[in-house]
Amino acid sequence: MFERRIKNHVEFIALVLTALLVLSGCYPHRGGPAHESPPSLRIGRVVVIGFRPALGPEAEPGPTRSPISGAVFMAEPTKTSDAALLTESLFSKLISRKNLDLVSPGQAKGVFSSIIQSDSAIGDIEAARKIGRAFTAKSVLLGHLYRWKEREGTDYAVNFPASVAFDLYLVSVESGKILWKGKYDKTQSSLSENLLDMNTFLKGKGKWMTARALAEIGLEKMLERFPREPNLQESP
């Protein structure tokens, strides 16, 4: 009986690995972050505003449109502290590249607050352009945090997995055009539930991740396609 169980277990593992190989060869990668990057983009000085909660603490959860692109996310009220944590990570990853001329979120915060207070109806893109002009910048990087749902459970057993969603836009100060954009909308699933999500499974080392760990994976993947040109003008 024991030998039969071992044999069945080995056969199951072999079947899963075979399915993964077949699926990875037959299907394109789906899910995870979506991003676009003009190949010859030159972005100049960038004001990094970072992330803001898409829904306030009193808002009702539900489908929510990005005020910049109109993309729809399933959103829940998020904390300012979680958005600040994600912004800090974003800026840290950008500044480590050493070839970008950046204005920090801390520097931009006061200017952003004064613009919003003076005109509460101003749109995100126009506000971004005003902030960019204040710092003589070529572009502004900003986005929203739509969902930051912590896992319920431990590394190896959960009642509910972590779930995060956010987007990010690089906006031209001169034209108001979106020069680059990325989004990440992810609820962790077990490997048996989603055989195509091997990448997240491996990065999480087979564990159920926290919301922060899941968001870090998405942010890193998103920024792989972020423009790397250091100077000075946007492409035509």
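Right, let's walk through the structure included here. (Residues numbered from 1 in each chain as written. Predicted model: local features only at pLDDT ≥ 70, side-chain atom pairs only at ≥ 80, totals over all residues. Heavy atoms only, no water.)

## Quick look at the packing of helix H3 (residues 105-118) against helix H4 (residues 124-134)
Here is step 1 of the chain: It is the contact of H3 with H4, at a shortest axis distance of 10 Å, that shows an interaxial angle of 135 degrees. Taken together, H3 and H4 sit at an angle that is classed as oblique. Relative to H4, H3 is oriented so that their crossing is right-handed. Two secondary-structure elements touch here, H3 through Val111, Phe112 and Ile115 and H4 through Ala127, Lys130, Ile131 and Ala134.
Here is step 2 of the chain: Grouping the constituent residues of the contact of H3 with H4 by class yields six nonpolar, no polar and one charged. (Axes fitted to C-alpha atoms, helices over the stretch in contact; angles between N-to-C directions. Helix = DSSP H or I, 4+ residues; strand = E, 2+ residues; numbered from the N terminus. Parallel < 35°, antiparallel > 145°, perpendicular 65-115°, else oblique. Left-handed = near helix turned anticlockwise from the far one by under 90°. Contact = heavy atoms within 4.5 Å. Nonpolar A, V, L, I, M, F, W, Y, C, P; charged D, E, K, R; others polar.)

## What about the pattern of salt bridges?
Here is step 1 of the chain: Applying the stated criterion to the full structure yields eight salt bridges.
Here is step 2 of the chain: As a salt-bridge pair, Asp124 and Arg52 come within 2.7 Å of each other at their nearest N and O atoms. Highlighted residues: Asp124 in helix H4 and Arg52 in strand E2 (residues 46-53), separated in sequence by 72 residues.
Here is step 3 of the chain: With relative accessibility at 24%, the residue Arg52 sits in the partly exposed group.
Here is step 4 of the chain: The closest approach of N and O atoms between Glu220 and Lys93, which form a salt bridge, is 3.4 Å. Of this pair, Glu220 sits in helix H6 (residues 211-223) while Lys93 sits in helix H2 (residues 80-95); the two residues are 127 residues apart in sequence, bridging distant segments of the chain.
Here is step 5 of the chain: On the basis of relative accessibility, which here comes to 40%, the residue Glu220 falls in the partly exposed class. (Salt bridge = Lys/Arg side-chain N within 4 Å of Asp/Glu carboxyl O. Buried < 20%, exposed > 50% of the residue type's maximum accessible area, 1.4 Å probe, protein only.)

## Details of the packing of H2 against H6
Here is step 1 of the chain: For the pair H2 and H6, interaxial distance at closest approach is 11 Å and the crossing angle is 35 degrees. Judged by the twist between their axes, the crossing of H2 over H6 is right-handed. Where H2 approaches H6, its residues Leu85, Leu86, Ser89, Leu90, Lys93 and Leu94 are matched on the opposing element by Arg212, Ala215, Glu216, Leu219, Glu220 and Leu223.
Here is step 2 of the chain: Its residues placed into classes, the contact of H2 with H6 shows seven nonpolar, one polar and four charged.

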